[in-house]
Amino acid sequence: MTIRTIVESDLDTIHTLIADQSINTVTRERYDEYVGVGYYRDAWTWVVEQDGRIIALAVWWGMPQFEHPFSIDGLYYAGDGDPVAVWAELIRAGLDSIPAGAEEPEYHLFVPNGWCEQPEVVAALEPRLAAAALAGLSAVTERLRYEWLSSYGLPSRSTRLRFEPADDDAFLDAFVRVIEGSLDASTARAVARGGAEASAKEDLEIYQEMPGERDWWRLAYDEAGALVGFILPSANNGGPVIGYVGVVPEQRGHGYSDDLLAEGTHILAETGAERIRADTDLTNRPMAASFERQGYRNHAVRMVASHPIA
């Protein structure tokens, strides 16, 4: 059994494997498009070859500006028997290729609401999560996926906060402050790995590199001029998103996330967005409630397998 990254001559086999979509997000059209723009790369796509035949595939996703991937987009198996051990070795190979100091990659799986009551989804999900756990991605976070459509109508804009653009230093300071007591699991892992300031710098760099416009970002202040938090309307390769909603610790408990989310929604709608998406951890009930109050609807679930907090 050989584990390697793909070469051009593997393309027909890759296309055949990804045709069996299961719960993977990769389609033939998505794969070809993302290879063309750098979200997928041959060096980020790993296969298991046995007796001259490819029997397993892992497709990793990253941003064109970075030299390493951020997450697994799909796992495929065309061999005999249980795929878990084979997938685990495949994931380990990809993880081992990530340079020291880079953001730790994850495995993202997208499932419908009520997935635990759908046997075919459970049957596809469980072996993939088991393989991820064997490879070291044993912490699983369930994230609620929310969506706003223009047909839902815009939420009321805040009348108690003032929103202002700011430079990167101001946003970095706000990030560091917001991180304290955050209910976001990925933030907690990043803080445990390198501290609040390193986590804030990492987040800021990623959001700077997203396709959304930098000048959409806003800091929010109350009537006394005190910082309340910030909103990062942005976009990813799938379209407009609410990238981050953050309230500083001393201002929490006043429902300011509603004001921030409404402002971000208006900013994106003014650019022509007809659909906006966002995620929040299942355990982050305050943020989930804010999305629902502002007219967003939960349409699916994202399962995230990652390294556990040390």
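Just so we're clear, the structure is a prediction, and the values are computed from it rather than from any experiment. (Residues numbered from 1 in each chain as written. Predicted model: local features only at pLDDT ≥ 70, side-chain atom pairs only at ≥ 80, totals over all residues. Heavy atoms only, no water.)

Q: Outline helix H6 (residues 185-194), supporting the account with residue identities and numerical values.
A: The complete set of buried residues in H6 reads Thr187, Arg189 and Ala190. Looking straight down H6, one finds that the buried residues subtend no more than 160 degrees of arc, so they occupy a single side. Against strand E5 (106-111), strand E6 (139-149), helix H5 (168-179), helix H7 (196-209), strand E10 (239-247) and strand E12 (297-306) lie the buried residues of H6. Remark: glycine 195 follows H6 within two positions and exhibits a positive phi of approximately 95 degrees. (Buried < 20%, exposed > 50% of the residue type's maximum accessible area, 1.4 Å probe, protein only. Helix = DSSP H or I, 4+ residues; strand = E, 2+ residues; numbered from the N terminus. Arc of directions from axis to C-beta. Contact = heavy atoms within 4.5 Å.)

Q: How would you explain the packing of aromatic side chains if you had to name every residue and give the values?
A: Overall, the coordinates contain 16 aromatic pairs when judged by the stated rule. Ring centres of phenylalanine 66 and phenylalanine 70 lie 5.2 Å apart, and the angle between their planes is 85 degrees; this geometry places the pair in the edge-to-face category. Phenylalanine 70 matches phenylalanine 66 in its accessibility class, with the two residues each being buried. Pairing phenylalanine 175 with tyrosine 207 gives two aromatic rings, centres 6.3 Å apart and planes at 25 degrees, and the pair type is stacked. Residue phenylalanine 175 is found in helix H5, and its partner tyrosine 207 is found in helix H7; the two are separated by 32 residues along the sequence. In this structure, phenylalanine 175 and tyrosine 207 share a single accessibility class: buried. (Phe/Tyr/Trp six-rings, centres within 6.5 Å; stacked < 30°, edge-to-face > 60°.)

Q: Please provide a residue-by-residue account of the pattern of salt bridges, values included.
A: Applying the stated criterion to the full structure yields 21 salt bridges. Here arginine 277 and glutamate 147 are joined by a salt bridge, their closest N and O atoms 3.0 Å apart. Note that arginine 277 is positioned in strand E11 (residues 275-281) and glutamate 147 in strand E6, a separation of 130 residues in sequence. Classification of glutamate 147 by relative accessible area gives buried; the value is 11%. Its salt-bridge partner being glutamate 250, residue arginine 177 comes within 2.5 Å of it at the nearest N-O pair. In this pair, arginine 177 sits in helix H5 while glutamate 250 sits in the loop between E10 and helix H8 (256-270), placing the two residues 73 residues apart along the sequence. Its relative accessible area of 29% is what places arginine 177 among the partly exposed residues. In this structure, a network of salt bridges that share partners links the residues Arg143, Arg145, Asp184, Asp279, Asp281 and Arg302. (Salt bridge = Lys/Arg side-chain N within 4 Å of Asp/Glu carboxyl O.)

Q: Explain empty space enclosed by the protein to me, and be specific about the residues and the numbers.
A: One pass over the structure, following the stated rule, counts 1 cavity of 30 Å³ or more. Volume-wise, the largest cavity comes out at about 30 Å³. Residue lining of the largest cavity: Ile23, Asn24, Thr25, Asp73, Tyr107, His108, Leu109, Phe110 and Arg128, and that is the complete set. A breakdown of the residues in the lining of the largest cavity according to their chemical character gives 4 nonpolar, 3 polar and 2 charged. (1 Å grid on protein atoms, 1.4 Å probe; cavity = no way out; pocket = protein on both sides within 12 Å on 5 of 7 lines; lining within 4 Å. Points joined across faces, edges and corners; volume = space filled by probe spheres on them. Nonpolar A, V, L, I, M, F, W, Y, C, P; charged D, E, K, R; others polar.)

Q: Any details on unusual backbone geometry? Residues and values, ideally.
A: Peptide bonds are trans in most cases, and residues, glycine excluded, mostly fall at negative phi. With phi around 50 degrees, serine 22 is a residue other than glycine that occupies positive phi space. Within the fold, serine 22 resides in the loop between helix H1 (11-18) and helix H2 (28-37). Judged by relative accessible area, serine 22 falls into the partly exposed class, the value being 44%.

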